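Per-entry structural report
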Amino acid sequence: MKTLLIVYHSMTGGASQLAQAAAVGAASEAALRVRLLHASDAAPSDVLEADGYVFATPENLAAMSGLMKDFFDRCYYGALDRINGRPYATLVCAGSDGQNAARQIERIATGWRLKSVAPALIVCTHAQTPEEIGRAKKIGAEDLQRCKELGAALAAGLVLGIY
């Protein structure tokens, strides 16, 4: 049985909702094990045991969150040259554009020699004031559906051996 690992960090709930939606979509494949782990709980062994990945992060100060960076820092060398060619996708919950957070994950995935299966899916909340930035996020149904579809597509590709 193939395993899809979804690693996320979320401070206001936005990226968590994206990750959970992707997990729901991926769970539509009965022949796939879906593991949803908070970034602080994910270890190199989790990365090595998975056949594909979804990385979900908020954009904080034009970058991925510190705990997502910590996940990559802790796991990078333990997985280097051991997960080459595995598929991945990125989800970003952003207040403005999210491009730099997506770019950071893309650079790390390139170092891991992972295969991107879709452009980064960026959901922009347009939170620009201190109050809006710190407020709990409610992601809209259309954006959650896009995340669900991405999870389902990645899962199907894993099960069918496309990736």
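Higher on the page you've got the structure.
All values derive from a computational prediction rather than experimental measurement. (Residues numbered from 1 in each chain as written. Predicted model: local features only at pLDDT ≥ 70, side-chain atom pairs only at ≥ 80, totals over all residues. Heavy atoms only, no water.)

We note that Leu61 has phi near 55°; this positive angle belongs to a residue other than glycine. Summarising the element assignment, Leu61 is placed in the loop between strand 3 (52-60) and strand 4 (63-64). The exposure class assigned to Leu61 is exposed, which follows from its relative accessible area of 88%. With phi around 60°, His126 is a residue other than glycine that occupies positive phi space. Structurally, His126 can be placed in the loop between strand 7 (121-124) and helix 5 (130-134). For His126, a relative accessible area of 58% corresponds to the exposed category. (Helix = DSSP H or I, 4+ residues; strand = E, 2+ residues; numbered from the N terminus. Buried < 20%, exposed > 50% of the residue type's maximum accessible area, 1.4 Å probe, protein only.)

In the sheet, strand 1 (residues 2-8) pairs with strand 2 (residues 32-38) via 7 bridges, with the strands oriented parallel. When the sheet's bridge partners are listed, Leu5 is paired in strand 2 with Arg35. Crossover handedness for the path strand 1 to helix 1 (residues 14-26) to strand 2: right-handed. (Pairing = 2+ DSSP bridges. Right-handed = clockwise from strand over helix to strand, strands pointing away.)

Here the focus is the nonpolar core. Residues Val47, Tyr53, Phe55, Phe71, Phe72 and Trp112 are the most contacted members of the largest nonpolar core, which totals 28 residues. Residue assignment for this core shows that the elements contributing at least two residues are strand 1, strand 3, helix 3 (66-79), strand 5 (87-94) and helix 4 (99-111). Examining the composition of this core, we find that 6 residues originate from one element, helix 3, more than from any other. Here Trp112 is in contact with Val47, Phe55, Phe71, Phe72, Cys75, Tyr76, Ala79, Leu80, Ile83 and Asn84, once residues within four sequence places are set aside. (Core = buried A, V, L, I, M, F, W, Y, C linked by side-chain atoms within 4.5 Å. Contact = heavy atoms within 4.5 Å.)

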